[in-house]
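# A structural walkthrough
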Amino acid sequence: MSTEESPIEEKKTPTTKFAEWLMARAEKKEAKETSLESLMKFNVFLSIATLVTVAGSTVADYVMIAWLWI
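An account of the accompanying structure is given in this report. The structure displayed is predicted, hence computed values, not measured ones.

Another point: the overall build of the protein chain. Along the backbone of the protein chain there are two helices and zero strands. Counting the 70 residues in the protein chain, one finds 0% classified as buried. Surface accessibility of the protein chain: about 7000 Å² in total, with carbon and sulfur atoms responsible for 68%.

What follows is the structure, given as structure tokens:
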């Protein structure tokens, strides 16, 4: 009985090939989205760090100006 099942399992129908292609495509897309998520998180972190640096520098300038006026 197992000898009869082997040829059937080895033969792939167009539907089976298409299903395997869809599964592989979904896995690749999921991996790509994960990569994009980490890039987006890094971008948000970098933007916030830049804003904090610029705002901190501006606040320091205003403090120095106020100190000089006093």
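Having seen it, we continue.
Our focus in this paragraph is the pattern of salt bridges. One pass over the structure, following the stated rule, counts one salt bridge. Across the pair K12 and E20 runs a salt bridge, and its minimum N-O distance is 3.3 Å. The exposure class assigned to E20 is partly exposed, which follows from its relative accessible area of 40%.

This next bit is on a nonpolar patch on the surface. Taken together, the side chains of Y62, I65, W67, L68 and W69 present a nonpolar region at the surface, about 770 Å² in accessible area. Tracing the backbone shows L68 in helix α2 (residues 14–69). Under the relative-accessibility criterion, L68 is labelled exposed at 65%.

Reading the values: the criteria
- Per chain, residues are indexed from 1 in the order of the written sequence.
- Note on the predicted model: pLDDT of at least 70 is required for a residue's local features to be given, and 80 or more for side-chain atom pairs to be given and counted; whole-chain, interface and lining totals, by contrast, use all residues.
- Hydrogens and water are ignored here; the side-chain numbers use all heavy atoms of the structure.
- Helical segments are the DSSP runs of H or I of at least four residues, strand segments are the runs of E of at least two, and each set is numbered from the N terminus.
- Each residue is placed in one exposure class: buried if its accessible area under a 1.4 Å probe, protein chains only, is under 20% of its type's maximum, exposed if it is over 50%, and partly exposed if it falls in between.
- The protein chains shown are the only cover counted for residues, whose accessible areas, like all others here, come from Shrake-Rupley with a 1.4 Å probe.
- Salt-bridge detection follows one rule: a side-chain nitrogen of Lys or Arg within 4 Å of a carboxyl oxygen of Asp or Glu.
- Candidate patch residues must exceed 30% relative accessible area and have no salt bridge, after which like charges are joined if within 9 Å and Val, Leu, Ile, Met, Phe, Trp or Tyr side chains if within 5 Å.

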